[in-house]
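Structural characterization, general
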Amino acid sequence: MKNNLTLLLLSLLILCTATASGQPSKKEKTKRANHEALLENIGNAIDKAIAKISRPFSSSEDDDGMFSPDSLYKKRSRRIYSTDSEPQEKSITYEGNTTIAANDTIHANVVVKAGDLTLHGYVDGDVLVVGGNLYVKAGAVIAGNAKVINGEVIKEDGGTIVGYVDKASSSSASYRESEKKFTRSSTRLRPNWWLSDETNLDNFIFRYNRVEGIFLGLGSEKRYYWDGRKDYSLYGSIGWGFKSHLWRGNLGLSRQFAFNDGQILEFGVEGHSLTDTKDQWVIGLTENTLSSFLIHEDYRDYFTREGVGFNVAYSVQQDYFTSQLKVEYLMDKYSSLENHAEWSIFGGDKVFRLNPAIEDGKMRSIFTSVGVSTVTKTIRGPEGWNVYATAEFADKSFGSDFGFNQYVADVRRFQPLGRYDNLNVRFRVGTADGRLPVQKMFEIGGLGSLPGFPFKYEAGNRTMLLNAEYIIDSDFLDELDFWPGWLLSGTNFIIFSDAGVARTVSNTASLTDFDGLKLSDFRHDVGVGIGSRSGSFRLAVVWRTDQSESPRFTFRIARPF
């Protein structure tokens, strides 16, 4: 709540300082330009401060959320201010693979770090790519120079680079980035259909929650050697919970067979002793750690999962298409965990929710998953499909204490609609037969699903959830001649709506039986908010529509999906 009040006070302060007149004098324009530059510097300082706070908790650009925060990240651009004209972009910086479409024109220098730039359109400036390749397609134009560090320039016939072309390595370039970061990025499976909670920055693990307290450890991520330079990928982690007084970790080995064009067939084994959760899809590790640490709110529930797994997987990563089919045989022991921590920096008299007990026992199951992603970064935001589905089969004939079959599908579409607006949609459905243990039940309500309702408001062995958000770039206000361009620069307006249901039906009911589900059975909310262009924060107010009550305020530092 304190963070929300601070943001509101800052917004009011900015609004109070904003003035507009019909025809400002040259002196007034100069003064306004200096004011805008000062605000831009303050904004950059805030961005850097947030990045420093988040950095110890973040594993990579693909951590936290399904295309989370800052997997689709556009940095605040620096501007040149003129006393006789409107501000013009000096440079725009992107991280990760980026596409500039054929109908896009950018009047600025373009910098892409830790990813490829695919250019179909027109760049009225220089292009710098660090840690990736530059693809200049037929009909594309770079009006300035092109420089690539630790990558290649691939120009098709009909593509144009007016200036010089320069390639360099990190050892000889004056513009240097961490070569280790680029190496790690190139050996990842790009879409994070699931959220890894094992490693953070530079192999250091930090997290905080109500069952472990502070957890510190070391870890090494699993790497995918797409070029076949290595046959084995060894990964693992080890760490200590200072309140749970338990060691946690995992150790895995994967034998990989790489084929041409970014394909890998692998066979692997992993042993693990984990503080696990089924709530990764609700909130990412970074955001939940900060929430627990700062405002006394832990949005995950936990249990112990110890055992070993054997897996075979086939993965493809080509241009902007990524997919994986994976089958695992899991031999795990589940047990409950209790609260052990109650401290946070803020939060007043609040206390953490009790961590719910689960059904302890042995689980032997076959877990299959398939994921497909075509999501690409464009200058107008993310675009493409992201699909992830799982099926888990537990049978007492395997030596399991549980017998059930569970199926989950999660489909997301990210769609720019025009120059200023985007529509993002998620549909999630889950069903099961047999008797689901508590730790496998579906739950909706609150953060990450239905923000207008209490947390985990409904639970059952059937669920459906639909989330939609319409995002409007505040730059559309620049079309108004009287609007001060610096005001709300780098922000989005957000209109969103959510509908979902969770219920329990007979264990013997068919998978498609939702007990006569009707449209009126769905819980529904609507909301409006404002957020950063990168998705690194959003402040919103949301109302449930089934009854009259005060709205709920939400503040997030990651995209909801």
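Before reading further, recall that the structure is shown in the block above.
Computed from a predicted model, the values in this text were never measured in an experiment.

1. Quick word on the sheet that holds strand β7 (residues 122–123)
- The four strands lie next to each other as β4-β7-β10-β13, forming an open sheet whose pairing is parallel. With one partner strand each, in any of the chains shown, β4 (105–106) and β13 (160–161) form the two edges of the open sheet.
- Examined bridge by bridge, β7 and strand β10 (residues 141–142) share two bridges and lie parallel to one another. Pairing of V123 across the sheet is with I142, part of β10.

2. Side note on the nonpolar core
- Counting residues in hydrophobic clusters, the biggest one holds 19 residues, and the most contacted among them are I100, V110, L117, V127, V129, L134 and I142.
- For this core, the elements supplying multiple residues, two or more each, are β2 (85–95), β5 (109–113), β6 (117–119), β8 (127–130), β9 (134–136) and β11 (146–149).
- Among all residues touching V129, those that are not within four sequence positions of it are V112, G115, L117, L134, K147, V148 and I149.
- Listed in part, the 11 residues of the second largest apolar core include A394, V408, A432 and L436.

3. So, the environment of V327
- Mapped onto the elements of the fold, V327 is located in strand β21 (residues 321–336).
- Classification of V327 as partly exposed rests on a relative accessible area of 35%.
- In the structure, V327 is positioned 63 residues away from T390 in sequence and 9.8 Å away in space, judged by C-alpha atoms.
- Sequence-distant contacts of V327, defined by excluding residues within four places in its chain, comprise F310, N311, V312, I366, F367 and T368.

4. Let's talk about the pattern of salt bridges
- All chains considered together, the criterion is met by 34 salt bridges.
- R207 is paired through a salt bridge with E212; the nearest N and O atoms lie 2.8 Å apart. For the residue pair R207 and E212, the accessibility class agrees, reading buried in each case.
- Close ionic contact of K456 with D279 constitutes a salt bridge, the shortest N to O distance being 2.9 Å. Remark: D279 occurs in the loop between β19 (263–276) and α4 (285–295) and K456 occurs in the loop between β27 (442–444) and β28 (458–460); sequence separation between them is 177 residues.
- Here the salt bridges share partners, and the residues they tie into one network are R210, K278, D279, D298, D301, R353, E443 and K456.

5. Quick look at α4
- Here α4 lies mainly inside the structure; nine of its 11 residues are buried.
- When α4 is considered as a whole, its buried residues turn out to be L285, T286, E287, N288, T289, L290, S291, S292 and F293.
- After α4 finishes, the residue H296 shows a positive phi value of roughly 65°.

6. Quick notes on empty space enclosed by the protein
- As enumerated under the stated definition, the model contains five cavities of 30 Å³ or more in all.
- Of the pockets and cavities examined, the second largest cavity occupies roughly 220 Å³.
- Elements supplying a minimum of two residues to the lining of the second largest cavity: β29 (462–473), β30 (491–503), β32 (538–544) and β33 (552–556).
- The element best represented in the lining of the second largest cavity is β32, accounting for four residues.
- Tallied by class, the residues present in the lining of the second largest cavity amount to nine nonpolar, four polar and five charged.

Here is what the cut-offs are and how they apply
- Residues numbered from 1 in each chain as written.
- Predicted model: local features only at pLDDT ≥ 70, side-chain atom pairs only at ≥ 80, totals over all residues.
- Heavy atoms only, no water.
- Pairing = 2+ DSSP bridges.
- Helix = DSSP H or I, 4+ residues; strand = E, 2+ residues; numbered from the N terminus.
- Core = buried A, V, L, I, M, F, W, Y, C linked by side-chain atoms within 4.5 Å.
- Buried < 20%, exposed > 50% of the residue type's maximum accessible area, 1.4 Å probe, protein only.
- Contact = heavy atoms within 4.5 Å.
- Salt bridge = Lys/Arg side-chain N within 4 Å of Asp/Glu carboxyl O.
- 1 Å grid on protein atoms, 1.4 Å probe; cavity = no way out; pocket = protein on both sides within 12 Å on 5 of 7 lines; lining within 4 Å.
- Points joined across faces, edges and corners; volume = space filled by probe spheres on them.
- Nonpolar A, V, L, I, M, F, W, Y, C, P; charged D, E, K, R; others polar.

That's the geometry; what it means functionally is another story.
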